[in-house]
Amino acid sequence: MSQVLIESVSAVIVDLPTIRPHKLAMHTMQQQTLVVIRVRCSDGLEGIGESTTIGGLAYGNESPESIKQNIDSHLGPLLVGQDSANINAAMLRLDKAAKGNTFAKSGLESALLDAQGKRLGLAVSELLGGRVRDSLEVAWTLASGDTTKDIAEAEQMLDLRRHRIFKLKIGANPVSQDLKHVIAIKQALGERASVRVDVNQGWDESQAIRACQVLGDNGIDLIEQPISRINRAGQVRLNQRSPAPIMADESIESVEDAFSLAADGAASVFALKIAKNGGPRAVLRTAQIAESAGIALYGGTMLEGAIGTLASAHAFVTLRQLTWGTELFGPLLLTEEIVTEAPVYRDFALQMPRTPGLGLTLDEERLAFFARK
Ligand code: MUC
Ligand code: MG
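Definitions and limits used
- Residues numbered from 1 in each chain as written.
- Chains lettered and ligands numbered in written order.
- Predicted model: local features only at pLDDT ≥ 70, side-chain atom pairs only at ≥ 80, totals over all residues.
- Heavy atoms only, no water.
- Domains from an automatic or database assignment.
- Contact = heavy atoms within 4.5 Å.
- Buried area = accessible area lost by both parts, 1.4 Å probe.
- Salt bridge = Lys/Arg side-chain N within 4 Å of Asp/Glu carboxyl O.
- Polar contact = N/O pair within 3.5 Å; in protein donor to acceptor, adjacent residues only side chain to side chain.
- Helix = DSSP H or I, 4+ residues; strand = E, 2+ residues; numbered from the N terminus.
- Pairing = 2+ DSSP bridges.
- Axes fitted to C-alpha atoms, helices over the stretch in contact; angles between N-to-C directions.
- Donors = N, O, S within 2.8 Å, 3.2 Å for Na, K, Ca; no water.
- Buried < 20%, exposed > 50% of the residue type's maximum accessible area, 1.4 Å probe, protein only.
- Left-handed = near helix turned anticlockwise from the far one by under 90°.
- Nonpolar A, V, L, I, M, F, W, Y, C, P; charged D, E, K, R; others polar.

1. Overview of the domain arrangement of the chain
Interface size is commonly expressed as the accessible surface area that is lost when the partners come together. Per the domain assignment, the segments of the chain are domain 1 (6-121 + 363-370) and domain 2 (127-351). Listed per partner, the contact involves 41 residues of domain 1 and 46 residues of domain 2. For the pair domain 1 and domain 2, the two sides together bury roughly 3,500 Å², of which 63% comes from carbon and sulfur. Counting every contact that joins domain 1 to domain 2 gives three salt bridges. Here glutamate 109 and arginine 281 are joined by a salt bridge, their closest N and O atoms 3.3 Å apart. On the surface where domain 1 and domain 2 come into contact, there are 20 residue pairs in polar contact (both at pLDDT 80 or more). Put simply, the parts of the chain that give the side of domain 1 that touches domain 2 at least two residues each are strand E1 (6-23), strand E2 (28-41), strand E3 (46-52), helix H2 (87-97), helix H3 (102-120) and helix H14 (364-370). For the side of domain 1 that touches domain 2, the element with the highest residue contribution is H3, accounting for 10 residues.

Here is the structure:
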């Protein structure tokens with residue numbers, strides 16, 4: 001078989017409305033911005049990928065605009081003319097020429113996997129070695145900023161059998177106010193739901209010591225990134241003394257970060273995110289580090305739309321154990337879709353397609369409508 005070459009790479013910024021404002025410690029989202037990547041190959045096939053972050057530069061080192069610019073100017077041209085079926089060689093070429101840029105690389109790796117899956121008639125999870133489950137439990141984030149509204153939203157999700165795990169975004173308000181908010185929600189939901197918090201680095205160690213104790217004593221199951229990713233020694237100390245497990249999220253900006261966190265004993269759970277590792281294959285390297293170190297896994301999100309969500313999910317369904325489930329609810333936070341068939345959520349879980357590639361088709365009209373001009 002003659003080589004199939006990459007003919008073009010393009011990136012388009014897409015702004016989509018959210019069902020409500022989504023309040024995080026560092027940013028309130030009024031909409032979500034996706035970067036949709038298309039890789040066209042000489043056999044006429046196209047792979048699609050997504051590189052999405054939260055709040056411009058509020059969350060990470062890459063913004064939608066920088067992702068597009070770096071793909072257009074640097075990463076895309078490096079791929080054009082390369083063998084589209086050799087994903088190892090393509091990603092190695094990018095890693096040699098470009099430091100970091102894991103969000104941009106993740107969308108490109110996803111698109112290459114999508115194209116290769118379509119070519120071979122295999123779902124991306126099969127390309128990654130094969131799935132060991134067909135669905136993934138999905139948590140919902142309560143982040144309206146209002147305790148009563150959050151409780152009503154959780155009750156609705158339980159009634160619909162859509163979610164029974166809730167993550168509360170805290171860290172922006174005074175600690176005592178946040179703790180009152182969390183305890184009120186846990187008391188309202190009781191044993192019907194798992195309640196967890198994500199502080200998004202909002203506390204310092206002196207605040208976190210007491211807050212983690214209170215959260216653990218009040219039945220909160222998991223505490224995500226309570227303090228700054230920079231304060232490694234503090235994370236190690238908190239991980240030793242918190243009664244509820246500590247999960248690393250922002251602390252992992254690469255596979256190498258995952259290794260050093262594991263070596264230091266800085267968390268007992270890792271949030272896996274394709275965007276922060278450089279793609280669905282890269283995130284599995286972090287998962288392997290965690291598994292070897294006895295660290296539990298959670299399938300994280302950067303609130304991607306359907307493409308990034310399924311790219312993540314295809315990697316996560318290959319994992320032996322996801323003790324803490326996933327939060328792959330991004331498409332449900334959006335009021336609009338840019339694919340012809342939205343991912344299916346049923347019985348508290350995302351149901352995985354078996355169709356070739358990621359299992360998605362772009363809706364060209366809707367994509368053109370929502371693409372930033
Ligand atoms: C984060 O920090 O985990 C994931 C879910 C959500 O609501 O925000 C994101 C980012
Ligand atoms: Mg987080």
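2. Notes on the sheet that holds E3
Sheet architecture is open: three strands sit in the order E1-E2-E3, paired in antiparallel fashion. Bordering the open sheet on either side are E1 and E3, each of which pairs with just one other strand. Strand-to-strand, the axes of this sheet are offset by a mean angle of 25°, without reference to chain direction. Where E2 meets E3, seven bridges bridge the pair, whose relative direction is antiparallel. Of the residues in E3, the one forming a bridge with arginine 38 is isoleucine 48.

3. A few points about the coordination of the magnesium ion (ligand 2)
Bound to the magnesium ion (ligand 2) on the protein side are Asp198 (OD), Glu224 (OE) and Asp249 (OD), at distances that span 2.0 to 2.2 Å. Read N to C, the donor residues that coordinate the magnesium ion (ligand 2) are spaced as D-x25-E-x24-D. Highlighted residues: aspartate 198 in strand E7 (residues 194-198) and glutamate 224 in strand E8 (residues 223-224), separated in sequence by 26 residues. Note on glutamate 224: relative accessible area 2%, which makes it buried.

4. Some points on the sheet that holds strand E13 (residues 349-351)
Read across the open sheet, the three strands follow the order E4-E13-E12; overall the sheet is antiparallel. The open sheet has two edge strands with one neighbour each: strand E4 (135-137) and strand E12 (344-346). For this sheet, the mean inter-axis angle between neighbouring strands, taken without regard to orientation, is 30°. In terms of strand pairing, E12 meets E13 through three bridges, oriented antiparallel. Across the sheet, tyrosine 345 pairs through a bridge with leucine 350, a residue of E13. Contacts from helix H12 (residues 306-316) reach E4, E12 and E13 within the one sheet, and its direction differs from that of E13 by about 95°.

5. Regarding the packing of helix H5 (residues 147-159) against helix H6 (residues 175-189)
Two quantities define a packed helix pair, namely the angle between the helix axes and the distance between the axes. As a packed pair, H5 and H6 sit with axes 10 Å apart at the nearest point and diverge in direction by 30°. Here H5 runs over H6; the crossing is right-handed. Between H5, through Thr147, Asp150, Ile151, Ala154, Glu155 and Leu158, and H6, the contact on the second element is made entirely by His181, Ala184, Ile185, Ala188 and Leu189. Counted by class, the contact of H5 with H6 contains seven nonpolar, two polar and two charged residues.

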